[in-house]
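Listed here are the chains, written in short residue letters.
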Amino acid sequence: MCGIIGYIGDNGALDIGMKGLKRLEYRGYDSAGLAISNGKEVSCIKVVGKVEELEKIVGDKDLVGSSIILHSRWATHGGITESNAHPHADCKGNIFVVHNGIIENYKQIREKLKLMGHKFVSETDTEVLPHLIEHFYNGNLEEAVIKALKYIKGTYGLVVMAKHNSDRIVVARMFSPLVISVNEHGGFVASDPSAIISHSKRMIFLEDGEVAVIKKDDFIITDLERKVKDKKETELDWDIEEAQKSGYAHFMLKEIMEQSESVANSMRGRLIIEEGISKLGGIDSVKDKLKDIKKINILACGTSYYAGLIGEYLLEELAGIPTEVDFASEFRYRKFPTVENEAYLFISQSGETADSLAALKEVKKRKALSLGIVNVVGSSIARETDAGVYNHAGPEIGVASTKAFTSQVVVLALVALFLGRQRNLSLADGKTIAKEISKLPELINNTLKDISAIELLAKKYNSASNFLFIGRKYSYPVAMEGALKLKEISYIHSEGYSAGEMKHGPIALIEENFPTIAICPQDSVYEKTVSNIQEIKARNGKVIAITTQGNEEIKSLVDDIIYIPKVNEVLSPILSVIPVQIFAYYMAVSFGHNPDMPRNLAKSVTVE
Ligand code: M6R
């Protein structure tokens, strides 16, 4: 999520560091900072805003150094302030840390360190790291880092420098990517190859549990037991733009492919499987109010609205709370009466969508409880709602929303589990759902294993000028999301319909050249959807089915099949949406369109 770069060598640390940080800016950040060492002193500078704000301040100073660590922050814990920006330091200003990831047990560690006399100046989870390292520091930086990491639960890609060990920087990885390169120009580390690819194309990708000590002409990699690892360099033939996309042709494809990780980040530290509950710090302050909530109104736009429709099924099924969903753009003009004990839940990736913000203003005028599920930390909707849950899906660059959607549905499942367990959802059922949620990253990985078959299907069907997407129950919003994805990036007319509504009108459209994508996992409404598929086939319509692995019987009925892994039906949209995202992506590519920048659309719709 955040961007990290570090350098040690004789070639102008400040210039190398700043240029590298700028290359990470495409991911969109809210604050930035650096620590630079001249061998005797360390200067640390942090700003709120883009890297250019940091550049302005740095430009006024005479900063010369031989090692540097830099960070651009995408806030997760604590607001967007200078003190929350990285690097974070220990009490004595000896140890400086930049970090990407989430320290799950930071609260406990912070309390213990405070009792020992450590002084904290930020609200971040990261700040425990320099203090914990300080606690173990005895003149040997790598030893102190390793000792500290043994107490850490969570994820990290971190880079550490110490005033008194100025000949080295120490880096470590657990679930957050880091690459290193040491060559005749010095030692480099970055969260993303794009930051350092102009200095070297030969890189070593660190793995989880690895720690590297980087000097200007040497490095060593060990595990947390200090056992030396023999690692091979990888030669990257990417240019800078390709590097920003991690080698993928487009951000949309990169974001589709990283959904296993983004979904894992959305649920990290939030599930207690043995108790069958979810722990959501952001709504803790209103948890007593939530016990009495009798109705939930979900408001959102576009893809977030479709996630909201899945939320309706989830909240009604798991928590038994009557739920209504509306487009924020429509709702803002309704003369809606409020009733006692209801909550308004706003879902937005950007947190800046004008229609959602306007609807939120109307809700606030009526003094009703407002909640948010928002990806961008510190955005307007996140700030204006009474309480909420962040997605932690990481920056989404592609205009077509993909990883935000799966993350929104996961968070909705966590919210429904939380509210359900406050009500009548049994411990056994809570455990079942929690366990199924925890399996999602692996199931998403399986779904993404072979996307080439979907690429071929897109080629096969790309002469069609119209598409229909159908589904029932949990698959109905996926049908609408599939139609939205296809139309927004490939410009093919497509409609998403409830399969049961087909015979009330849309079936009139069906003929040989009007294909249908049927989202039909083997769930409680599977047989009903199969009947609808039969009705389409009887009218010569072509059908591509997205169904559960192992479903053989459907083979004789449809023209093409895309399989997804078996999962509890309430979570099936998180898997079934992936093939429709990939299908839309390859359709757009087959026409030569750039899926990252579809015509007439913007990433964040800040006008009415
Ligand atoms: O940032 P938000 O989630 O509030 O944005 C809502 C819609 O504008 C957004 O989902 C839009 O529909 C996307 N282009 C869909 O891919």
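K.L.:
Give a description of the environment of Asp-596 that names residues and reports values.
P.N.:
Along the chain, Asp-596 turns up in the segment after helix H19 (572-590). Under the relative-accessibility criterion, Asp-596 is labelled buried at 8%. For the pair Asp-596 and Val-410, spaced 186 residues apart in sequence, the C-alpha to C-alpha distance is 24 Å. What Asp-596 contacts, discounting residues up to four positions off in sequence, is Lys-245, His-250, Phe-251, Met-252, Gly-398 and Val-399. Engagement of the side chain of Asp-596 in a polar contact is seen with the backbone nitrogen of Phe-251, the distance being 2.8 Å. Reaching out from Asp-596, the side chain makes a polar contact with the backbone nitrogen of Met-252 at a distance of 2.9 Å.

K.L.:
Run through the site of the ligand, naming residues and quoting values.
P.N.:
Neighbouring residues of the ligand: 14 residues in total, closest Ser-304, Ser-348, Ser-350, Thr-353 and Glu-488. The contact in question runs from an oxygen atom of the ligand to an N or O atom on the side chain of Ser-348, over 2.6 Å. Protein chains bury 91% of the 420 Å² of accessible surface belonging to the ligand in isolation. Contributing elements (two or more residues each) for the shell around the ligand: helix H10 (302-319) and helix H17 (475-490). The dominant element in the shell around the ligand, judged by the number of residues it contributes, is H10, at 3 residues. Looking at the shell around the ligand, its residues break down into 4 nonpolar, 8 polar and 2 charged.

K.L.:
Talk me through the domain arrangement of the chain; I want residue IDs and the actual numbers.
P.N.:
As far as domains go, the chain holds domain 1 (3-236), domain 2 (243-438) and domain 3 (451-590). Computed over C-alpha atoms only, the centres of domain 1 and domain 2 are separated by 32 Å. Each partner contributes residues to the interface: domain 1 has 16 residues there, and domain 2 has 14 residues. Here domain 1 and domain 2 share 0 salt bridges between them. Across the domain 1-domain 2 interface, the total number found is 1 residue pair in polar contact (both at pLDDT 80 or more). Looking at side-chain class alone, the side of domain 1 that touches domain 2 contains 8 nonpolar, 4 polar and 4 charged residues.

K.L.:
Describe the pairing of strand E22 (residues 466-471), and please don't skip the residues or the numbers.
P.N.:
In terms of burial, E22 is largely enclosed, as 5 of its 6 residues are buried. Where E22 meets strand E23 (residues 493-498), 6 bridges bridge the pair, whose relative direction is parallel. Of the residues in E23, the one forming a bridge with Ile-470 is Tyr-497. You can see the chain leave E22, run along H17 and come back into E23, and the turn it takes is right-handed. As paired elements, E22 and strand E24 (residues 516-519) share 4 bridges and run parallel to each other. Residue pairing for E24: Ile-470 is matched across the bridge by Ala-518.

K.L.:
So what's going on with empty space enclosed by the protein? Which residues, and what values?
P.N.:
In the structure shown here, the tally under the stated rule is 2 cavities of 30 Å³ or more. By volume, the largest cavity amounts to about 50 Å³. Lining the largest cavity are Ile-283, Leu-345, Leu-371, Gly-372, Ile-373, Gly-388, Val-389 and Val-415. Of all the elements in the fold, those that place two or more residues in the lining of the largest cavity are strand E20 (369-374) and strand E21 (387-390). Ranked by the residues each element gives to the lining of the largest cavity, the list is headed by E20, at 3 residues. Its residues placed into classes, the lining of the largest cavity shows 6 nonpolar, 2 polar and no charged. Taken as a whole, the second largest cavity holds about 30 Å³ of empty space.

What counts, and at which threshold
Residues numbered from 1 in each chain as written. Predicted model: local features only at pLDDT ≥ 70, side-chain atom pairs only at ≥ 80, totals over all residues. Heavy atoms only, no water. Helix = DSSP H or I, 4+ residues; strand = E, 2+ residues; numbered from the N terminus. Buried < 20%, exposed > 50% of the residue type's maximum accessible area, 1.4 Å probe, protein only. Contact = heavy atoms within 4.5 Å. Polar contact = N/O pair within 3.5 Å; in protein donor to acceptor, adjacent residues only side chain to side chain. Near = heavy atom within 4 Å. Areas by Shrake-Rupley, 256 points an atom, 1.4 Å probe, with all protein chains shown as cover. Nonpolar A, V, L, I, M, F, W, Y, C, P; charged D, E, K, R; others polar. Domains from an automatic or database assignment. Salt bridge = Lys/Arg side-chain N within 4 Å of Asp/Glu carboxyl O. Pairing = 2+ DSSP bridges. Right-handed = clockwise from strand over helix to strand, strands pointing away. 1 Å grid on protein atoms, 1.4 Å probe; cavity = no way out; pocket = protein on both sides within 12 Å on 5 of 7 lines; lining within 4 Å. Points joined across faces, edges and corners; volume = space filled by probe spheres on them.

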